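Each chain, written out:
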Amino acid sequence: MSKKVCSAPRASEITPEGVYQDRRRFLAAMGLGAGGFLMSPFLRAEDSPRIVGKPFGLRADDRVTPWEDVTSYNNFYEFGTDKSDPADYSGTLKPKPWTVKVDGLCDNPGQFQLEDFLKPHTIEDRIYRHRCVEAWSMVVPWRGIPLASLIKRAGPQSAAKYVEFTTLADPSQMRGIEQQFLNWPYTEGLRLDEAMHPLALLVTGVYGRDLPNQNGAPLRLIVPWKYGFKGAKSIVRIRFSEEQPKTAWNMAASSEYGFFANVNPAVDHPRWTQSKERRIGDFIKRATLPFNGYAEEVASLYDGMDLVKNF
Ligand SMILES: Nc1nc2c(c(=O)[nH]1)N[C@H]1C(S)=C(S)[C@@H](COP(=O)(O)O)O[C@H]1N2
Ligand SMILES: [Mo]
């Protein structure tokens, strides 16, 4: 446990109550408060998500996906490959206590209890679109902290170009591990500049509550401008490296799942079009937007890159 990493939250990190209230009004004005959150039978007033910062990427016609869908239609192959398996079988996962290891090319490596790892930070609630073209598309109110702030404290060295995320692989908690659906442990990776983008979040909750096991308790990644598979669940290790990390889906099917996984509506996946998506609960498909609607925020990360080759 490195002392440096644990300090009291700075005053600037705490959302003032007034801002909180303003944001609630703003949300309500957008029709999100009333239509999206407050009418959900699972939400009490104190559960409604707070928004810090602008609700990235949301448009007026975006409706928040119901809690029931967000928590019952999942991909988490450690519990099986059916969409209903994670909700049915992840009760065996023990998200407390939880340890996260930070290592590789950084100045402040260590092994941290999750509470210590997160403590100095205000947990921010943000809203944004999350989606997986291949199977589903949702708008999910995740609660998380910017990955960037944890990376800054870890102090990546100048040789570090990538961040690798490794997730839990414990057969006693995860019935799917017995079968080689993927290479366990599941890994994901980001280029360091992608990982530093304020939209990349380490997520601890959804709908104002702690993450349900099937959504990757107690800590998962959400990279809203990318495919869902970048959202590694139940993270136990964050490693800085010079080499591009191997990722579970790329190892499973390299022609289908590239490292970058930016959503490119102009380029088909080998087995399906990416030009349209159907939001869960919608009947009519909608056009898929470049970078999942976050082009304004993130497109510059990929300036000069061939995004057909770097899919
Ligand atoms: N550890 C782990 N993380 C994972 C997966 C997985 O199988 N194992 N599946 C990924 C895929 S393919 C998707 S689409 C998202 C789904 O997240 P959700 O169920 O919360 O919507 O989780 C990602 N994270
Ligand atoms: Mo996915």
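In case you missed it, the structure is sitting above this.
Residues numbered from 1 in each chain as written. Chains lettered and ligands numbered in written order. Predicted model: local features only at pLDDT ≥ 70, side-chain atom pairs only at ≥ 80, totals over all residues. Heavy atoms only, no water.

S.K.: Explain the overall build of the protein chain to me, using residue names and the numbers behind them.
M.R.: When helices and strands are tallied, the protein chain shows nine helices and 14 strands. Looking at the 311 residues of the protein chain, the share that counts as buried comes to 54%. For the protein chain, the share of sequence-separated contacts (at least 6 apart) that also reach a separation of at least 24 residues comes to 73%. Of the roughly 13,800 Å² of accessible surface on the protein chain, 53% is carried by carbon and sulfur atoms. (Helix = DSSP H or I, 4+ residues; strand = E, 2+ residues; numbered from the N terminus. Buried < 20%, exposed > 50% of the residue type's maximum accessible area, 1.4 Å probe, protein only. Contact = heavy atoms within 4.5 Å. Areas by Shrake-Rupley, 256 points an atom, 1.4 Å probe, with all protein chains shown as cover.)

S.K.: Any details on the nonpolar core? Residues and values, ideally.
M.R.: If you look at the biggest cluster of nonpolar residues, it comprises 75 residues, and the most contacted ones within it are Phe-117, Leu-147, Phe-165, Leu-202, Trp-225 and Phe-240. When residues no more than four places from it in sequence are discounted, the contact partners of Phe-117 are Val-100, Val-102, Phe-112, Leu-150, Arg-153, Leu-202, Leu-219 and Ile-238. (Core = buried A, V, L, I, M, F, W, Y, C linked by side-chain atoms within 4.5 Å.)

S.K.: Account for the site of ligand 1, naming residues and giving values.
M.R.: Contacts to ligand 1 come from 19 residues, most closely from Asn-74, Tyr-77, Glu-78, Arg-220 and Lys-233. Contact distances for ligand 1 include 2.8 Å between an oxygen atom and a backbone N or O atom of Tyr-77. Contacts to ligand 1 include Glu-78, whose side-chain N or O atom sits 2.7 Å from a nitrogen atom. Contact with the protein chains hides 100% of the accessible area of ligand 1, taken as 540 Å² for the molecule alone. The residue makeup of the shell around ligand 1, split by class, is nine nonpolar, seven polar and three charged. (Near = heavy atom within 4 Å. Polar contact = N/O pair within 3.5 Å; in protein donor to acceptor, adjacent residues only side chain to side chain. Nonpolar A, V, L, I, M, F, W, Y, C, P; charged D, E, K, R; others polar.)

S.K.: Quick one: what's the story with the sheet that holds strand β1 (residues 99-104), residue by residue and with numbers?
M.R.: With respect to topology, five strands assemble into an open sheet ordered β2-β1-β12-β7-β8, the strand pairing being mixed. Each edge of the open sheet carries a strand with a single partner, namely β2 (110-113) and β8 (187-191). This sheet shows a mean twist of 15° between the axes of neighbouring strands, independent of strand direction. Relative to strand β12 (residues 235-241), β1 runs parallel, the two sharing four bridges. Within β12, the residue paired with Val-102 across the bridge is Ile-238. (Pairing = 2+ DSSP bridges. Axes fitted to C-alpha atoms, helices over the stretch in contact; angles between N-to-C directions.)

S.K.: Talk me through empty space enclosed by the protein; I want residue IDs and the actual numbers.
M.R.: To find the voids left in a structure, one rolls a probe of water-molecule size over its atoms. Taken as a whole, this structure holds two cavities of 30 Å³ or more when the rule is applied. Each pocket or cavity is described by its volume, and for the largest cavity that value is around 100 Å³. Forming the walls of the largest cavity are twelve residues, and the residues nearest its centre are Val-102, Phe-117, Leu-150, Arg-153 and Ala-154. Every element with two or more residues in the lining of the largest cavity is listed here: α6 (147-154) and β12. Here the lining of the largest cavity gets five residues from one element, more than from any other, and that element is α6. A per-class count over the lining of the largest cavity returns ten nonpolar, one polar and one charged. Of the pockets and cavities examined, the second largest cavity occupies roughly 30 Å³. Every residue along the wall of the second largest cavity is listed here: His-130, Ile-222, Val-223, Lys-226, Tyr-227, Gly-228, Lys-230 and Gly-231. Of the residues assigned to the lining of the second largest cavity, the class counts are three nonpolar, three polar and two charged. (1 Å grid on protein atoms, 1.4 Å probe; cavity = no way out; pocket = protein on both sides within 12 Å on 5 of 7 lines; lining within 4 Å. Points joined across faces, edges and corners; volume = space filled by probe spheres on them.)

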